[in-house]
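Architecture at a glance
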Amino acid sequence: MSSELLVPVAEMLRRPGAHRELSMQVEVDGLATSDAAVYGPVDLQLHLESVVSGLEVTGSLAAGWRGSCRRCLEPIEQTVQQDLREMFGSAPADDETYPIQDGEVDLTPMVRDCLVLALPIAPLCSEDCAGPAPDDYPMNQPEPSPEDRPKDPRWAALDALRTGQ
């Protein structure tokens, strides 16, 4: 992702209650799960608000993703939309708070985390997808009868004994 997700917030942090709106599109590269991958720009609509303990970021993001249906294996292209509410702190004490460093916040980890959690684990093209057409696969064809199977010449002597020839 680009440096446009590096937002200066030093002035906001000096005044609790100060807020700022951000609306942007950013490109992501290589963001994927085992069954879905983000493509194209990510649309961000964010509201940053200074609070006593740091910075609260709320808003939403939207991105296109591609994958394969888990039932029919056909390609899927859909859009994921995710609301978010995250905290940034100067001294993050746990994994639930993103860091504020040198008066700036890097929104990249937050955007990546939210997008990966919003991608489907097992994509489905539609709720009523019945899966692949069973007649299209050779494993579902009836097995040939023993008379129709080709004869193995190595067993010819045994076949002759069985039939009495």
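Residues numbered from 1 in each chain as written. Predicted model: local features only at pLDDT ≥ 70, side-chain atom pairs only at ≥ 80, totals over all residues. Heavy atoms only, no water.

**Quick notes on the sheet that holds strand E5 (residues 75-89)**
Read from one edge of the open sheet, seven strands run E1-E7-E6-E5-E4-E3-E2, paired in mixed fashion. The open sheet has two free edges, formed respectively by strand E1 (6-8) and strand E2 (19-27), since each of these has just one partner strand. Pairwise comparison of adjacent strand axes, ignoring direction, gives a mean angle of 30° for this sheet. Relative to strand E3 (residues 36-51), E2 runs antiparallel, the two being bridged by nine bridges. Counted as the bridge partner of Glu27 is Pro41 from E3. Along the sheet, helix H2 (residues 108-118) contacts E3, strand E4 (54-68), E5, strand E6 (97-101) and strand E7 (104-106); its crossing angle with E5, the most-contacted strand, is approximately 135°. (Pairing = 2+ DSSP bridges. Helix = DSSP H or I, 4+ residues; strand = E, 2+ residues; numbered from the N terminus. Axes fitted to C-alpha atoms, helices over the stretch in contact; angles between N-to-C directions. Contact = heavy atoms within 4.5 Å.)

**Side note on unusual backbone geometry**
In this structure, Leu73 takes a positive phi of about 65° despite not being glycine. As for its placement among the helices and strands, Leu73 is situated in the loop between E4 and E5. On the accessibility criterion, Leu73 (60% relative accessible area) is exposed. The backbone of Asp102 shows a phi angle near 55°, a positive value even though the residue is not glycine. As for its placement among the helices and strands, Asp102 is situated in the loop between E6 and E7. (Buried < 20%, exposed > 50% of the residue type's maximum accessible area, 1.4 Å probe, protein only.)

**Overview of the confidence of the model for the protein**
Overall, the prediction assigns the protein a mean pLDDT of 86, with 92% of residues at 70 or greater. Mean pLDDT across the secondary structure elements of the protein bottoms out at helix H3 (residues 156-163), with 81, and peaks at E4, with 95. (pLDDT = per-residue confidence, 0-100.)

**Some points on the environment of Val105**
Along the chain, the position of Val105 falls in strand E7. On the basis of relative accessible area, Val105 is assigned to the buried category, the value being 0%.

**With respect to the nonpolar core**
Residues Val42, Met110 and Leu115 are the most contacted members of the largest nonpolar core, which totals 39 residues. Every element with two or more residues in this core is listed here: E2, E3, E4, E5, E6 and H2. Ranked by residue count, the leading element in this core is E3, at six residues. Not counting residues up to four positions away in its chain, the partners in contact with Met110 are Leu46, Val57, Leu84, Glu86, Phe88 and Tyr98. (Core = buried A, V, L, I, M, F, W, Y, C linked by side-chain atoms within 4.5 Å.)

**Describing the pairing of E3**
Sheet topology note: the E3/E4 ladder contains 13 bridges and is antiparallel. Residue pairing for E4: His47 is matched across the bridge by Thr58. Between E3 and E4, which pair antiparallel in sequence order, lie two residues.

**So, the pattern of salt bridges**
Opposite charge on two side chains allows them to pair when their charged atoms are near. This structure, assessed with the given rule, holds five salt bridges. Residue Arg154 is joined to Asp152 by a salt bridge in which the shortest nitrogen-to-oxygen separation is 2.6 Å. On the basis of relative accessibility, which here comes to 69%, the residue Arg154 falls in the exposed class. Classification of Asp152 as partly exposed rests on a relative accessible area of 27%. Through salt bridges with shared partners, a single ionic network connects Glu11, Arg14 and Arg15. (Salt bridge = Lys/Arg side-chain N within 4 Å of Asp/Glu carboxyl O.)

**Focus: the environment of Val26**
Looking at the element boundaries, Val26 is found in strand E2. Under the relative-accessibility criterion, Val26 is labelled buried at 1%. Residues Val26 and Ser53 lie 27 residues apart in sequence; the distance between their C-alpha atoms is 28 Å.

**Regarding the pairing of E4**
Pairing geometry for E4 and E5, over 14 bridges, is antiparallel. Each bridged residue has a counterpart across the sheet, and for Ala62 the counterpart in E5 is Gln81. Taking the residues that link successive antiparallel strands as the turn, the E4-E5 hairpin has six residues, and the phi of Leu73 there is positive, at about 65°.

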